[in-house]
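# Overview (structure and organization)
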Amino acid sequence: MRKSQDQVETIYLGIGTNLGDRENNIRLAVKYIVEHIGTVGRLSSLYETDPWGFSSENKFLNIAAEVTTSLSPSGLMG
């Protein structure tokens, strides 16, 4: 569900991946955000982290994105 055009919000999204070409997965996620969610403002540096809450041989590559969107919270999830 979209808000009216004058109702935009700044949100922050955490993005992480631990499989395949992790850097390309992050690039594709940011591209998807631009195409379907809103305008990406700032991006954090990339961070490599150990899995948390489960075990895996693969470390995660993580980034945070500042996004301006007119989507509602439920619209972001759908």
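Description of the structure in this document. Source: prediction; values computed, not measured. (Residues numbered from 1 in each chain as written. Predicted model: local features only at pLDDT ≥ 70, side-chain atom pairs only at ≥ 80, totals over all residues. Heavy atoms only, no water.)

### Here's the deal with the environment of proline 51
Relative to the helices and strands, proline 51 resides in the loop between strand 3 (47-49) and strand 4 (60-69). Through-space distance from the C-alpha of proline 51 to that of asparagine 18 is 8.4 Å; in sequence the pair is 33 residues apart. Apart from residues lying up to four places away in sequence, proline 51 is in contact with Ser56, Asn58 and Phe60. (Helix = DSSP H or I, 4+ residues; strand = E, 2+ residues; numbered from the N terminus. Contact = heavy atoms within 4.5 Å.)

### Remarks on the packing of aromatic side chains
Inspection of every chain in the model, using the stated rule, returns 1 aromatic pair. Seen in terms of ring centroids, phenylalanine 54 and phenylalanine 60 are 6.1 Å apart; in terms of plane orientation they differ by 80 degrees. Their pairing is edge-to-face. (Phe/Tyr/Trp six-rings, centres within 6.5 Å; stacked < 30°, edge-to-face > 60°.)

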